[in-house]
Every structure is written in structure tokens, then in C-alpha cells.
Amino acid sequence: MTITINHFLVVSFLLFSIGLLGVLVRRNFLTVLMSVELMLNAVNLNLIAFSRRLSDLTGQVFSVFVITIAAGEAAIGLALTISLFRQRRTLNVEDANTMQG
Amino acid sequence: MRDLLWLVPVFPLAGFLVNGIVYLFSHRTRAAHPPADQPAAESSQAAGHPHAHVHLETRPRRKTLHTFVGTGSVALSCVFAFGAIFDLGIPALASGAHHVLNLWRWIPLGVNQATGQVPGPPGEWFVDMALRLDSLSALMIGFVTFVGFLIHVYSVGYMGHEAGYGRYFAYLNLFMFSMLTLVLASNFLVMFVGWEGVGLCSYLLIGYDYHKKFAADAGKKAFVVNRIGDFGFILGIFGVFALFGTLDFGQVFAAAASNPIAYAPWMTLVCLCLFLGAVGKSAQVPLHVWLPDAMAGPTPVSALIHAATMVTAGVYMVARCNVLFRLSPDSLLVVAVVGGFTALFAATIGLAQNDIKKVLAYSTVSQLGYMFLACGVGAFVAGMFHVLTHAFFKACLFLGSGSVIHALGGEQDLRRMGGLARKIPVTYATFLVATLAISGVPLLAGFFSKDAILAAVFEAHFPRAPWLPKLLWMAALFTAGLTAFYMFRLVSLAFYGTFRGTPEQDAHVHESPKSMTVPLVILAFLSIVGGWIGIPMLPGGDRIGRFLAPVVPALAGARPAEHAPAVSLEVALMAASVGIAMIGLLLAYLWYAKGDGGVPARLAARFPAVYRAVENKYFVDEAYDALFVEGLAKGGGRFLWEVDATVVDLIPNGAAAVTRGASWLSHFFDQYFVDGAVNGVADSLQGGFRLLRRAQTGRVQNYALVMGAGLFCIVAVYLIFR
């Protein structure tokens, strides 16, 4: 069986869905951050797959950018996590609702 | 030099600013003034004397500054005044040369649309800030700056111990500025500025000892009484402007002289209004009441403002407007009657006054009456001549009385003086000279001017009342006798006999410092020679008449020189006036210096009613108090209050009721309709948004979910409807 682009897309879709679900339903802030990483990597997979398929390097360049941004995002996210934990003694996302109307 | 004329008033103005500013700052920092609630218990006898209140003196350096700025500015002004006069030349002035200095266009009034007839000539209407130097104003600035300078010098000695030294000189400088503006004015409005300025300074200086109630009251009285006159004056100015369309002296008088028939009907009204101003400023009956009270001011002020210069402004103004007055024989008649009556009236009051300054004050009123009498019979030159000589001898008399008061440490009551001739010889000698001058002793200044007036009155002719001139002449002659009598009574009581004051005063008596005696000597000298410029009979003797002729021409239709009245008549008139003056002098000497005052006391006992009336100034003040203060102001006030409470109040009360009803309605509407609408809108909005606010949970995951759902929907719609 040859591996076509469809396989990549299915894997990518599954990864993205798992990530999105994690972001939406998990209560732990760290888990949410990791889920976001999942979603980003699903996107990366998608970009590279199409890059290969279309013989266009733009997608790969984009994925490098995304990885870079993801590193920054992870750094800021972890900093926020620590800051949140110091303030609230908890990592529950439900408790971070100060902006409630 | 003539174009520097503007410096003449500006120097004292600068002096005023410097002195005033320096005084203001030093005054604030040191607070040298007595509290305002200082008990006003001092008797009015101590009025105007510096030693009555010895406060903290001004610091020596600052005092030197005030002295030099105060007197120096007037000295410079005097120099520039004479410079301008000599630059133009006295012969040139006498032959009609004049110099008008237009400083700037003061009030442009646009173009008059009316067509040519009287009143209101066509052309551009404007008022310039302009000064005018002609023979009349030259005469005035000459003696105003010179006598003013002498009195400034005198003040240095007299006011030396006063706390308000700087304030005094500031006011005095301001007065000089105003007075010079008044006499140098080239039109009625500039004159009015000076006119009000001298009134203001008079008020400020009368109330110089403002913590004494009588001084403050006297200042207010002078101010209020002067307002009545100024009201007339400004009405007169309006009249002149309405008739001539200009206020410039030259244009107005030229127009009036060139077209007398057209203007004559209005002139009586205009002239009487102008004369009302003169009556107020020059203290003529019935507005004379302020001048005697003005003696509450320091004595040099009385000399400068209330004897020599300011009070003669009325005479100056009438003489300046002689062209207008001549168009209206009726107004001249009024001037003559008021002047003649005032002369006699004030002289009789002067007989029975015991305050040395009050005697001089009534004497001033009386002499001013003389001047108006001269103007009223058309002898404007004689009036101005008397202004000049009066300035010399009355300034000398006032300064001499100041010296006497100074020597006695504030005593003003003649009954507590006496025998001062040996103790203060310079003051005595100068005072005696000035007294003889005012009494009309031959060859002294007052003799010539008074004689000129008497002769003019005798020869006057009023078509409406042919008997009047002789009556006025008799009154004036009798006044001359009274003048001699009360002045020599004053001299006798003060300088002859034995001292009647306390022993402390007796020990204290001393001659005044040089700064006071030198001006006295100069003024006494001028009281002797000042009249020689107007000797009537000698050929070429009447210099002042020829000098003033361009501004004050001889009466239209006057007799030419060859038809002049016989010399014998003049000599007879002269003899009459000299004789009656001598009788007055002699009686006063016999009764008060030789005698013990028994004769006048017996006379007073014989006619108690007359004596009481004279002593109390004919109760004029009391009458005014009852009539105007109590009657018109208070009684009228009560009446108006009643009217107000019953009639007038109906209107506001009715209006109030209507307003209350309307406001109740308005309130009702406001509460139920307007508020209902406003609150309804707010409530409905609040309800709506209470729902919306639920969406704002503050949980990031909710937002993400909604975002995801939204994205899903968009993609779904896109896919389905592609």
C-alpha cells in the first residue's frame, strides 16, 4: 500500500481534533498548553504534506515559522502558568474567570 | 520747547506713579498705619495738623526719594511750562499766537450725516487728546506750576513727621497733573478729564487722615457736592457738542462768534449748565457747603487746592467760555448775582468763625464770589486777574496759618492764640502782608484786582435789570469792608495781645523751618508786586488785559480808550473801596487788638439771633441735612418703601404665585412624563443587557468553544453553498 496524501490528512485531522478537544475540555492549564502544541503540529503535518505533494517549499518554510512561534508560545504559556499558579495556587482553567461580565 | 508742552502735565504724573508705587510697597511691608478704628475722639480743632497723630515716620532714605520725586517733578513741570511760554513769546501770546498740540485722536465718532443747519454741523465728528497754549492757559500754568512748586516745598517741612508722607506727595503730584490737564486742555472733554481728576484728588487729600471720621466725611461731602456741579458741566458739554459738532475750544468759539444769531437761543441753557459746574467746583452758593469742611485736609492742601488753584477752575472755565456766555446776557446775569451774593454771604459768615482755617475758607468762598461777579458783568479779565492775585495772597495766608498751627502744635482755635507776632516774626510779617493785600490796601496785589472788579461792576449794564449793577456794586463794596474787617480780626486775634493758650503751647511756640518760611516770603513778595501787571490808569499799565485780549476780548461795543470813564470817577471808586477797607481794618484793630473784644461781644449780645445765624453759617448745612439727607433721602426712602410694599410688591407677588403654579405643573409633567420616558428607556436596556452579559463568562475555554463552533458553521455554510 502506497502512502498517499490522504493518509497524512487523516492523521493530521485526528491529531488536530484530539488537540482541539483537549483545549476545550481539559481543566489543567498545562494539558491545555500541550493540546495547543498538538494542534500546531497537526497543522505542520498538513503543511508539509501539501508541500511534498505540490513540490512547493512554501509550506515547509511556513512550518518552520510555526515551530518557531510555537516555541515562543510555549515559553510565554509556561511563564503564564507559573504566574497563575503563584497567584492562585491552582492550575484549574475554570478558576481563571476574573473577566466574567 | 513748545512741542514739549505735553511734558508739563506728564512730569507730575510720573512723580505720582513713582511715589505711589514706592509708597504702596513700603506701606505693605511695614504696615506703618494706625488701625482704622482709631478713636475719632480728637476734636475737630486738631483737624489737618500733622502732630495730632504722630505715627511711625517714613524711613529717611525713602523720605528723601519722595521729597525729590514729589517736588522735583513739579519743578521740572514749572521749568517746562515757562519754557513753552517763553518759546512762544509773551508779546506773541498777547497778539493772539497760540499753540495746539494734538497728541492723538482720542474718540473718533464717525461722520455726521446731518445737513448743515444748527444744531449738528456736517463733517467728521471726533475728539482729540490735545493741549492748547494760549495767553489764558499760559497765565494759568505759570502760576499753577509756580505756586504748586512752592507749596510742595512747604509740604516737605509741614508734612515731615507724617506716616503717609509718600501717599501725600503721590496725591499732590496727581493733583498737579489733573490741574495742568484742566488748564491746558484744548477741548471740553480733556478739560473734563482734568476737572474730574482734581475733584478726585481733592477728595483724596481732604480725607488724607482717613482714620478720623470728620476728615473722611468731609472728603465724601466734597465729592458728592461736586458731583452735582459736574452733572451740570457734562450736560453743558453735551449741549456744546450737539450745537457745534465739536468740542475744540477754537472751533466752538469761532463758530459761536461768527454766527451769534443762530446759536444765541440755545446759549442760555448751555451756559447755565456750564455755570452749574463752575458753581460746584468753585464753591458758590448754594453748593458752597463743601469748601469749609474741606479744611479737614492738611493745610498745604487747603492752600494749593482749596484756595489757589482748583477752586478757581470754575472761574477759569467761565472765562475760557466767555464767547458763549456773552451770547447769553441772562446767563451772565445769573453769574453776576450768584457771585455777588456768595461774596457777601460768605464774608458775613467769616466774621464770626473762630477756627483760623474756617475764616480763610469763607474768605476764599467770598473772593471766588468776587471773581464770578467780575465774570458776570463781562469783566472776565478782571476775574482772571483776581484769580492770579488771589492765588498769591491766599496761598500765603493759608501757608501762614499752617505755620501758626505748626508753631502751636495743632491749635486752630483763634481764641487760644494771641501775641504770636514776636515769637514767629517771619510768619507774622508775611501773613500781615498777605492780609493787607487781600484787604485791598493800595499798591498791593489785591487792591488792583479788586478795584478792577469794583469798577467793572459799577459800570456794568444789564438791559433786563438796570438797577442791579449798583446794587451789586454796593454789595461788593460792603464785602470789601467785611473782608478787611475779618482778616484783620484774624491777625489781631492771632498775633496781637497776649497769649491765651496753655503754658505748654506757649513754651512750644517756634518759628517754622526754612522749607516753610522761604515759600512764605516768596508768596508775600508776590502778594505785593503781583498786582502791578494790571494797574488800570497808567498808560500801558493794564498789561494783563492786553495779554489776555486774544482769548478774552474786551466787551463787544465796549467804549474805546478815549471814551473811557473819567479818571475822576475811577479815582472816586478807588477812594470808596480803599476807604471802606481802611474802616474795616481800623475797626478790627480797635475792637480786637486794642480792645478786649468787648464791643463785638456786646453786639452779639444785642442781636443774638443774627449772631447765632452767622456763627452757624446761616444753618445751611442743617437745612441741607433736613431737606436732602433727612427729607429727600430718608423721608423719600420711607415713602418709597411704603409704595414698594403696597403697590410695587403686588407685581412680584402676583408673578410669584403664577410662577409657583406653573412650576407645580412643570414638576408634575417632569416627574411622570419626562422621567417616565427616561427611566423606561434605561430599564428596558438594562433588562436586555442582563441577558447578554451571561455570554461573558470569563472562561477562556467557553470562548474557544464558541469560536470553534463559529468556525465550524462558517466552513459548513461555505461547503454547503459553494
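Just so it is clear, the structure is predicted and the values come from calculations on it, not from any experiment. The residue numbering used here restarts from 1 in each chain and proceeds along that chain's sequence as written. To label them, take the chains in the order written and letter them from A, then take the ligands in the order written and number them from 1. Under the rules for a predicted model, residues below a pLDDT of 70 receive no local features and side-chain atom pairs below 80 are neither given nor counted, while totals for whole chains, interfaces and linings still include all residues. Excluding hydrogens and water, the side-chain figures rest on all heavy atoms present in the structure.

A. Fine view of the overall build of chain A. Helix and strand assignments come from DSSP, with helices taken as H or I runs of at least 4 residues and strands as E runs of at least 2, each series counted from the N terminus. When helices and strands are tallied, chain A shows 3 helices and 0 strands. Along chain A, helices (α) and strands (β) appear in the sequence α-α-α when read from the amino end. Principal axes of the C-alpha set define a box for chain A whose edges measure 50 × 25 × 25 Å. Think of it in three bands: residues with accessible area under 20% of the maximum for their type are buried, residues over 50% are exposed, and the middle band is partly exposed, with areas taken using a 1.4 Å probe on protein chains only. By residue count, 25% of the 101 residues in chain A fall in the buried class. Within chain A, contacts between residues separated by at least 24 positions form 56% of all contacts whose residues are at least 6 apart in sequence. If you average the places of the 7 positive and of the 5 negative side-chain charges in chain A, the two averages end up 5 Å apart. In this description, contact between two residues means that some pair of their heavy atoms is separated by no more than 4.5 Å. In this charge count, Lys and Arg are treated as positive and Asp and Glu as negative; neither His nor the chain ends contribute. For the purpose of locating charges, the reference atoms are NZ of Lys, CZ of Arg, CG of Asp and CD of Glu.

B. Local environment of the overall build of chain B. Along its length, chain B carries 28 helices and 2 strands. The C-alpha radius of gyration of chain B comes to 35 Å, more than 25% above the 27 Å expected for a compact globule of 722 residues. A buried classification covers 53% of the 722 residues belonging to chain B. Contacts in chain B between residues far apart in sequence, at least 24 positions, make up 82% of those at least 6 positions apart. When the accessible area of chain B is evaluated, it comes to approximately 30,900 Å², of which 70% is carbon and sulfur surface. Taking the 47 positively charged and 39 negatively charged side chains of chain B as two groups, their mean positions are separated by 5 Å. Atoms counted for the radius of gyration: C-alpha only. Globule rule: 2.2 Å times the number of residues to the power 0.38. Throughout, the Shrake-Rupley method with a 1.4 Å probe supplies accessible areas, and for residues the shown protein chains are the sole cover considered.

C. Geometry of the interface of chain B and chain A. Listed as interface residues are 8 residues of chain B and, on the opposing side, 13 residues of chain A. Salt bridge criterion: a side-chain nitrogen from Lys or Arg within 4 Å of a carboxyl oxygen from Asp or Glu. Our count for the contact surface shared by chain B and chain A stands at 0 salt bridges. For the purposes of these results, a polar contact is taken to be a pair of N or O atoms within 3.5 Å, where, inside protein, one atom must be able to donate a hydrogen and its partner to accept one; residues adjacent in sequence count only when each atom of the pair is a side-chain atom. Our count for the contact surface shared by chain B and chain A stands at 3 residue pairs in polar contact (both at pLDDT 80 or more). Gly falls in the polar group here, along with every residue not listed as nonpolar (Ala, Val, Leu, Ile, Met, Phe, Trp, Tyr, Cys, Pro) or charged (Asp, Glu, Lys, Arg). When grouped by side-chain class, the residues that make up the side of chain B that touches chain A number 2 nonpolar, 4 polar and 2 charged.

D. Main features of the nonpolar core. Residue and element names in this part refer to chain B. To define a nonpolar core, start from buried Ala, Val, Leu, Ile, Met, Phe, Trp, Tyr and Cys residues and group those joined through side-chain atoms within 4.5 Å. Judged by nonpolar contacts, the single largest core of 189 residues is most densely connected at F188, L324, F325, M384 and F495. When residues in this core are grouped by element, the largest group, 17 residues, is from helix α16 (residues 380-407). In contact with F188, other than residues within four places in its own chain, are I237, V240, L247, F249, V252, F253, L274, C321 and L324.

E. Broad picture of empty space enclosed by the protein. All names here are of chain B. Note on definitions: the grid is 1 Å and covers protein atoms alone; a cavity is a set of points where a 1.4 Å probe fits but cannot get out; a pocket is an open set with protein on both sides within 12 Å along at least five of seven lines; lining residues have an atom within 4 Å of a point. Grid points are joined across faces, edges and corners, and a volume is the space filled by probe spheres set on the points. With the rule as written, the count across this model stands at 4 cavities of 30 Å³ or more. In this model, the largest cavity occupies a volume close to 50 Å³. Surrounding the largest cavity, S439, G440, F447, K450, D451, L454, A480, S577, V578 and A581 form its lining. Those elements that provide at least two residues to the lining of the largest cavity are α18 (445-459) and α23 (567-594). In terms of residue class, the lining of the largest cavity is built from 5 nonpolar, 3 polar and 2 charged.

F. Molecular detail of the side chain of S73 of chain B. Residue and element names in this part refer to chain B. Structurally, the position occupied by S73 is in helix α2 (residues 60-88). By relative accessible area, S73 is classed as buried at 6%. Polar side-chain contacts of S73 include one of 3.1 Å to the backbone oxygen of G70. In this view, S73 contacts F11, P12, G15, F68 and N173; residues no more than four positions away in its chain are not counted.

G. Just unusual backbone geometry, in detail. With an omega of 5°, the peptide bond running from V285 of chain B to P286 of chain B counts as cis. Positive phi, normally seen in glycine, also occurs at R89 of chain A, with a value near 60°. Tracing the backbone through its elements, the reader meets R89 of chain A in the segment after α3 (58-88). You can call R89 of chain A exposed: its relative accessible area is 62%. Of note in the backbone geometry, A283 of chain B takes a positive phi value of approximately 55° without being a glycine. For A283 of chain B, the location among the structural elements is in the loop between α9 (260-281) and α10 (290-293). Among the residues examined, A283 of chain B registers a relative accessible area of 0% and is labelled buried.

H. Inspection of the environment of F86 of chain B at higher detail. Residues and elements named next belong to chain B. Mapped onto the secondary structure, F86 falls in helix α2. Its relative accessible area of 53% is what places F86 among the exposed residues. Between the C-alpha atoms of F86 and D248, which are 162 residues apart in sequence, the distance is 24 Å.

I. Spotlight on the packing of helix α5 (residues 165-184) of chain B against helix α12 (residues 313-320) of chain B. All names here are of chain B. Contact pair α5 / α12: the axes reach a minimum separation of 10 Å and the direction vectors enclose 15°. Taken as axis vectors, α5 and α12 run roughly parallel relative to one another. For the crossing formed where α5 meets α12, the hand is left-handed. Residues M179, L182 and V183 of α5 touch α12, and the partners they reach there are A313, Y316 and R320. Along the lines of polarity and charge, the residues of the contact of α5 with α12 split into 5 nonpolar, no polar and 1 charged. Axis definition: a line fit to C-alpha positions, over the contact stretch in the case of helices; interaxial angles, taken between N-to-C directions, run 0 to 180 degrees. The cut-offs work like this: below 35 degrees is roughly parallel, past 145 is roughly antiparallel, 65 to 115 is roughly perpendicular, and the gaps in between are oblique. Should the near helix be turned anticlockwise from the far one by less than a right angle, the crossing is left-handed, and should it be turned clockwise, the crossing is right-handed.

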